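The residues making up each chain are set out below.
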Amino acid sequence: PSQGQARCPHLGLHLISAAADAEAQNVLLSCARDVAPLLESTAPGVCTIEVSGLAVENRSRDLARALCQLRAQGLAATAGIGSTPLLALYAARETTSVRTVDHATAFLHSLPLAVAEPPPELVPILRGWGLTTLGQLTALSKADLAQRLGSAGAALWDRARGGETRPLNPHTPPPEFVASLDLEYEIETTEGVLFLLRRFVDRLALELRTQHRAAAEMTLHLKLSDETTHERSFRLPEPSTHEDILFRTLHSYLESLQTPSAVVGVGLGITPV
């Protein structure tokens, strides 16, 4: 990194944070659960929702609302609707908002072959055959492809057709309403702590609503650079799921708080009723 920045002063370095990735996935799942209760945590940054129980005319609207919630949390997202989970994923990757696939064959025909993620060892072979799109690949028979490329070729053919319908692996919401993040840097101002807490409050309030709960008490945890922890609990005057009310309680307390050292970790827990 130091050599790279010496050669390119404007080079930006983004450190991987497993805790931040986990929090982003939690935000995604919370917004998805606001659309429908049956959902799957498919992969990092990807979830699959069973929307067949929703009215057809409401599906795009409800997904668009979830995208707005994600954008408010600082996460860019798209959504796709299809007859299979994989087809819906392809649709989500081919739009900037919400896309519904009504005719799978026409939609898949011109997509580049890379969409189906062919194994690296098959890429030069397929390129040598002149295959560049999903439609060109599926024009071949699955049996012929399996005979020449083995099981990897047959699996690729299935992905190029949009995959199969399968049951989702249901994601169960955690029993506790908590959010936390350990930082790679020190926070010395109230604004930095409030920025993180606002994101925590927005997600936890959404989780409370989707599970028909309300916050009765909040507990704030601040991990300090001197290896001590500051903790404070707040009993709310009445149970609430309103983000502004919850955040205002924390904001009022932090305005007058002075810690002996900088903050290196923030956590928030909610006791529901």
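Here we summarise the structure given alongside this text. For clarity, every value in this text was computed on a predicted model and none was experimentally measured. (Residues numbered from 1 in each chain as written. Predicted model: local features only at pLDDT ≥ 70, side-chain atom pairs only at ≥ 80, totals over all residues. Heavy atoms only, no water.)

1. Examining the pairing of strand β7 (residues 229–240)
With 8 bridges joining them, strand β6 (residues 215–224) and β7 adopt antiparallel strand pairing. Considered in β7, the bridge of M218 is made with F234. Once β6 ends, the chain turns through 4 residues before running back antiparallel as β7, passing E227 with a positive phi of about 70 degrees. (Pairing = 2+ DSSP bridges. Helix = DSSP H or I, 4+ residues; strand = E, 2+ residues; numbered from the N terminus.)

2. A word on the sheet that holds β7
The 4 strands are arranged β5-β8-β6-β7 in an open sheet whose pairing can be described as antiparallel. Two strands bound the open sheet, and with one partner strand each, they are β5 (177–187) and β7. Strand-to-strand twist in this sheet, taken as the mean axis angle between neighbours without regard to direction, amounts to 15 degrees. Packed on one face of the sheet, helix α10 (residues 243–255) meets β6, β7 and β8 (263–272) and runs near 140 degrees to β7. (Axes fitted to C-alpha atoms, helices over the stretch in contact; angles between N-to-C directions. Contact = heavy atoms within 4.5 Å.)

3. Some words on helix α2 (residues 18–33)
Structurally, the α-helix is built with 3.6 residues per turn, so residues lying three or four positions apart point the same way. Under the 1.5 Å per step criterion, the end-to-end length of α2 is 22 Å for 16 residues, consistent within 8% with the ideal 22 Å. Among all positions in α2, only E23, Q25, V27, L28, L29, S30, C31, A32 and R33 are buried. Buried-residue contacts for α2 involve β1 (39–43), β2 (46–49), α3 (56–72), β5 and α9 (190–210). (Expected span 1.5 Å × (residues − 1). Buried < 20%, exposed > 50% of the residue type's maximum accessible area, 1.4 Å probe, protein only.)

4. Section: the packing of α2 against α3
Interhelical geometry of α2 versus α3 gives an angle of 150 degrees and a closest axis separation of 9 Å. In terms of axis orientation, α2 runs roughly antiparallel to α3. As α2 packs across α3, the resulting crossing turns out to be right-handed. Of α3, the residues touching α2 (which contributes V27, L28 and C31) are A66, Q69 and L70. Its residues placed into classes, the contact of α2 with α3 shows 5 nonpolar, 1 polar and no charged. (Parallel < 35°, antiparallel > 145°, perpendicular 65-115°, else oblique. Left-handed = near helix turned anticlockwise from the far one by under 90°. Nonpolar A, V, L, I, M, F, W, Y, C, P; charged D, E, K, R; others polar.)

5. So, the layout of surface pockets
Put simply, the largest pocket is a space of about 990 Å³. If you trace the largest pocket, you find 44 residues lining it, with C47, T48, I49, G80 and A88 closest to the centre. Those elements giving two or more residues to the lining of the largest pocket turn out to be α2, β2, α3, β3 (79–81) and α4 (85–93). At 7 residues, the largest contribution of residues to the lining of the largest pocket is made by α3. Considering only residue class, the lining of the largest pocket consists of 26 nonpolar, 12 polar and 6 charged. In this structure, the second largest pocket encloses a volume near 450 Å³. Breaking the lining of the second largest pocket down by element, the ones donating at least two residues are α2, β5 and α9. Class assignment for the residues of the lining of the second largest pocket results in 12 nonpolar, 2 polar and 5 charged. (1 Å grid on protein atoms, 1.4 Å probe; cavity = no way out; pocket = protein on both sides within 12 Å on 5 of 7 lines; lining within 4 Å. Points joined across faces, edges and corners; volume = space filled by probe spheres on them.)

6. With respect to the packing of α9 against α10
Between α9 and α10, the least distance of the axes is 9 Å, while the angle of their chain directions is 150 degrees. Judged by the inter-axis angle, α9 sits roughly antiparallel to α10. Classified by chirality, the crossing of α10 by α9 is right-handed. On the side of α9, the interface is formed by T190, V193, L194, L197, R198, V201, D202, A205 and R209, while α10 contributes E243, D244, L246, F247, L250, H251 and L254.

7. Some words on a nonpolar patch on the surface
Taken together, the side chains of I125, W129 and L140 define a hydrophobic patch exposed on the protein surface, amounting to about 250 Å² of accessible area. Turning to its location among the elements, L140 is positioned in the loop between α7 (134–138) and α8 (142–160). Among the residues examined, L140 registers a relative accessible area of 35% and is labelled partly exposed. (Patch = residues over 30% accessible without salt bridge, like charges linked within 9 Å, V, L, I, M, F, W, Y side chains within 5 Å. Areas by Shrake-Rupley, 256 points an atom, 1.4 Å probe, with all protein chains shown as cover. Salt bridge = Lys/Arg side-chain N within 4 Å of Asp/Glu carboxyl O.)

8. Some remarks on the side chain of R59
Looking at where R59 falls in the secondary structure, it is placed in helix α3. Reaching out from R59, the side chain makes a polar contact with the backbone oxygen of V51 at a distance of 3.2 Å. Polar contacts involving the side chain of R59 include one to the main-chain carbonyl oxygen of L54, which spans 3.2 Å. Each residue touching R59, except ones within four places of it in the same chain, is listed here: V51, S52, L54 and I81. (Polar contact = N/O pair within 3.5 Å; in protein donor to acceptor, adjacent residues only side chain to side chain.)

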